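So you can see what is in the structure, the chains are spelled out below.
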Amino acid sequence: MSKDKSAKIATPQAVRGTQDMLGDFADRFQHVVDRFEHVRRLYGYKRIEVPVIEPTAVFARSLGETTDVVSKEMYSFEDRGGEGVTLRPEFTAGIARAYITNGWQQFAPLKVATHGPLFRYERPQKGRYRQFHQLDAETIGSDSPLADAELLVFADQLLKELGVGEGVTLTLNTLGDAESRDAWRTALVEHFMGHRGDLSEDSLARLDKNPLRILDSKDPKDRPIADSAPDIDAYLTNEAQDFFAAVTAGLDAAGVAWERNARLVRGLDYYRHTAFEFVTDRLGAQGTVIGGGRYDGLIETLGGPATPAVGWAAGIERLAMLLDADVIDNRLDAVIAVEDDGQLALAMKALTALRGSGFSTEIVASGSPRKRFDKAAKIPAHALISIGTRDGESYINIRGDSERTIAAKAIVQAL
RNA sequence: GCGACCAUAGCUCAGUUGGUUAGAGCGCCGGUUUGUGGUACCGGAGGUCGCGGGUUCGAGCCCCGUUGGUCGCCCCA
């Protein structure tokens, strides 16, 4: 820190909506990723890595030109070669692109999982950031409802392993196949046009852009109109009905609790058939923890072969916020207090021996020697080792109760 | 893009109707006490009160602007 105030340098600030994580939250974040990696292996999902940056067309074409994500939330720019590129706002489109350009059709049906940062130019608020992070799982090349069900069971198990299953419910809907969805959409537009004078301003805009979204409007003005709108059920083809029945049967067989939400629609244009969200009321305005669905038309939209696919994404920060306070135990195995600098060499020897044997260990050897014990005692650890001099002799005292403490004790005493 | 609220020490905050050198707790540094001990006490470092204007004899406090943060709308994980 400079004492010369006239020479004070202005510190650049973090970019809005990005976050720096230290300690507890960083641990929780990593815990979510660790459990995800564990569960995705149990379900046979292959690990993949895809670029954070893609040609803008990858997202613009697949998400729908009129969606908010494409029209106003993408971090897009020209690179030095004049290429239009975008920081990925979601995983699915990039994975679909990779599937096509790498010829992964040969592995279909392909089950893949990944996680990492995404970017959306939005106003930050609780549970929402400009750089945020998701877990992602996709099954590409399967038109079986069992694929949908497997993905949902996977998500359910992940939530249970994280200990957040209780406060989160799976809400499920079907948007039908293309035929069903178009018929329903036409009926909805007709219904809403009949009430256009009573709709909120936002919903009038939605009527042009994405009439389905009026269904889950939060505006009380819209509720009676949305609630009286026709359900998709009447417009579902037999195939679409059978498909949805097979998905829910799969969930029931696996013992996964779910709720039908006939009002659930999802923002991106590519969804077909199954649409779902795992929601909670514990995150303020951002209730969705995991969201996804089937996107049978997407890969074709990107110039690939007609390929059915289904997947979901989960917000890592949102899951991390839901974790109980006690799930993270980052206590060290031991902490050493050096109460006499004359014993520093002995303390360093003990420190090295413990760390070398796989015991996480920290040392307190600075500041007033008589305060080091207290300082060390405040560091969360299973064992507290004090090293000093008493009656002209060096001494080592170890306090702690766990089995690892006893093992650590043996190592130190062998010195 | 729109709205509400907030901004004082490294952190969490107090600061009366506008009134002298702006405080506390925690943390950090030093000392005393205790001497197998997570205690208590004393002292120290650290702030142009986010920034810029204005009102006033006088502004941390009132007004305007600006930047940043938080929460909500929109949208989404």
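Being a predicted model, the structure only gives us computed values, none of them experimental. (Residues numbered from 1 in each chain as written. Chains lettered and ligands numbered in written order. Predicted model: local features only at pLDDT ≥ 70, side-chain atom pairs only at ≥ 80, totals over all residues. Heavy atoms only, no water.)

*Asks:* Report on the overall build of chain A, specifying residues and quantitative values.
*Replies:* The secondary structure content of chain A amounts to 14 helices and 15 strands. Expected size for 415 residues packed as a compact globule is a radius of gyration near 22 Å; at 28 Å, chain A overshoots this value by more than 25%. Across its three principal directions, the C-alpha atoms of chain A cover 95 × 60 × 45 Å. In chain A, which comprises 415 residues, the share counted as buried stands at 46%. Excluding contacts between residues fewer than 6 apart, the proportion of contacts in chain A whose partners are at least 24 apart in sequence is 71%. Of the roughly 20,700 Å² that chain A leaves accessible, carbon and sulfur atoms contribute 50%. When the 50 positive and 61 negative side-chain charges of chain A are each reduced to one mean point, those points stand 8 Å apart. (Helix = DSSP H or I, 4+ residues; strand = E, 2+ residues; numbered from the N terminus. Rg over C-alpha atoms; globule rule 2.2 N^0.38 Å. Buried < 20%, exposed > 50% of the residue type's maximum accessible area, 1.4 Å probe, protein only. Contact = heavy atoms within 4.5 Å. Areas by Shrake-Rupley, 256 points an atom, 1.4 Å probe, with all protein chains shown as cover. Lys, Arg positive; Asp, Glu negative; His and termini not counted. Charge placed at Lys NZ, Arg CZ, Asp CG, Glu CD.)

*Asks:* Give me the lowdown on the pattern of salt bridges, citing residues and values where you can.
*Replies:* Inspection of every chain in the model, using the stated rule, returns 19 salt bridges. Two residues, Arg213 and Asp216, come together in a salt bridge whose shortest N-O distance is 3.2 Å. When salt bridges with common partners are traced through the structure, they connect Glu37, Arg40, Arg41, Arg47 and Glu49 into a single cluster. (Salt bridge = Lys/Arg side-chain N within 4 Å of Asp/Glu carboxyl O.)

*Asks:* Pulling in residues and values, what's your account of the protein's contact with RNA strand B?
*Replies:* Neighbouring residues of RNA strand B: 47 residues in total, closest Arg120, Arg128, Arg206, Arg213 and Thr288. The protein-proximal atoms of RNA strand B, defined as those within 4 Å of the protein, are 50% sugar or phosphate. Take Arg123: an N or O atom from its side chain is 2.7 Å from a base nitrogen of RNA strand B. A distance of 2.9 Å separates a sugar or linking oxygen of RNA strand B from a polar backbone atom of Thr288. Listing elements by their share of the surface near RNA strand B, those giving two or more residues are β6 (131-140), α7 (201-209), β10 (288-294), β11 (309-315), α13 (372-377), β14 (381-390) and β15 (393-400). When its residues are assigned to classes, the surface near RNA strand B shows nine nonpolar, 14 polar and 24 charged. (Near = heavy atom within 4 Å. Polar contact = N/O pair within 3.5 Å; in protein donor to acceptor, adjacent residues only side chain to side chain. Nonpolar A, V, L, I, M, F, W, Y, C, P; charged D, E, K, R; others polar.)

*Asks:* Talk me through the packing of aromatic side chains; I want residue IDs and the actual numbers.
*Replies:* Enumeration according to the criterion identifies eight aromatic pairs in this entry. Between Phe36 and Phe154 the ring centres are 6.0 Å apart and the planes differ by 15°, which places this aromatic pair in the stacked class. Separated by 118 residues along the polypeptide, Phe36 in helix α1 (residues 24-42) and Phe154 in helix α5 (residues 145-161) bring together distant segments of the chain. When sorted by exposure, Phe36 lands in the same class as Phe154, which is buried. Ring centres of Phe154 and Trp312 lie 5.1 Å apart, and the angle between their planes is 65°; this geometry places the pair in the edge-to-face category. You can see Phe154 sitting in helix α5 and its partner Trp312 sitting in strand β11, a full 158 residues away along the chain. (Phe/Tyr/Trp six-rings, centres within 6.5 Å; stacked < 30°, edge-to-face > 60°.)

*Asks:* Give me the lowdown on the domain arrangement of chain A, citing residues and values where you can.
*Replies:* On domain assignment, one finds that chain A holds domain 1 (24-177 + 237-322) and domain 2 (332-413). The C-alpha centroid of domain 2 is placed 48 Å from the C-alpha centroid of domain 1. (Domains from an automatic or database assignment.)

*Asks:* Let's hear about the pairing of β11: which residues, and what values?
*Replies:* Among the seven residues that make up β11, seven are buried, leaving the element largely enclosed by the rest of the structure. A two-sided burial pattern is seen for β11, the buried positions comprising Ala309, Gly311, Ala313 and Gly315 on one face and Val310, Trp312 and Ala314 on the other. The pairing of β6 with β11 spans seven bridges and is classified as antiparallel. Within β11, the residue paired with Glu138 across the bridge is Gly311. Bridge count for β10 against β11 is five bridges, and the pairing is antiparallel. Paired with Gly291 across the two strands is Ala313, which belongs to β11. (Pairing = 2+ DSSP bridges.)

*Asks:* So what's going on with the pairing of strand β9 (residues 272-279)? Residues and values would help.
*Replies:* Counted residue by residue, β9 has six buried out of eight residues, so it is predominantly covered. The pairing of β9 with β10 spans six bridges and is classified as antiparallel. When the sheet's bridge partners are listed, Phe278 is paired in β10 with Ile290.

*Asks:* Can you lay out the layout of surface pockets for me, pointing to particular residues and giving the numbers?
*Replies:* Considering only enclosed or pocket space, the second largest pocket measures out at about 160 Å³ in volume. In terms of lining, the second largest pocket is formed by Asp156, Leu159, Lys160, Gly165, Val168, Thr169, Leu170, Ala257, Trp258, Glu259 and Phe278. The set of elements that each furnish at least two residues to the lining of the second largest pocket consists of α5 and β7 (169-174). Take the lining of the second largest pocket: its biggest share by element is three residues, from α5. Broken down by class, the residue content of the lining of the second largest pocket amounts to six nonpolar, two polar and three charged. (1 Å grid on protein atoms, 1.4 Å probe; cavity = no way out; pocket = protein on both sides within 12 Å on 5 of 7 lines; lining within 4 Å. Points joined across faces, edges and corners; volume = space filled by probe spheres on them.)

*Asks:* Which residues make up the sheet that holds β14, and what values go with them?
*Replies:* Overall, mixed pairing links the four strands, which are arranged β13-β12-β14-β15 in an open sheet. Bordering the open sheet on either side are β13 (361-364) and β15, each of which pairs with just one other strand. The sheet shows a mean angle of 20° between the axes of neighbouring strands, taken without regard to direction. Where strand β12 (residues 332-338) lies against β14, six bridges are found, and the strand directions are parallel. Looking at β14, one finds that Ala334 is bridged to Ala383. Set on the sheet, helix α12 (residues 344-356) makes contact with β12, β13, β14 and β15; between it and β13 the angle comes to about 165°. The strands touched by helix α14 (residues 403-413) are β12, β14 and β15; relative to β15, the strand with the most contacts, the crossing angle is about 165°. (Axes fitted to C-alpha atoms, helices over the stretch in contact; angles between N-to-C directions.)

*Asks:* Give a description of the sheet that holds strand β4 (residues 84-87) that names residues and reports values.
*Replies:* Here three strands make up an open sheet; going across it, the order is β2-β4-β3 and the pairing antiparallel. This sheet does not close on itself; its edge strands, each paired only once, are β2 (53-55) and β3 (75-78). Across the sheet, the mean angle from the axis of one strand to that of its neighbour is 30°, orientation sign disregarded. Sheet topology note: the β3/β4 ladder contains four bridges and is antiparallel. When the sheet's bridge partners are listed, Tyr75 is paired in β4 with Leu87. Relative to the sheet, helix α2 (residues 56-63) contacts β2, β3 and β4, its axis offset from that of β2 by approximately 70°.

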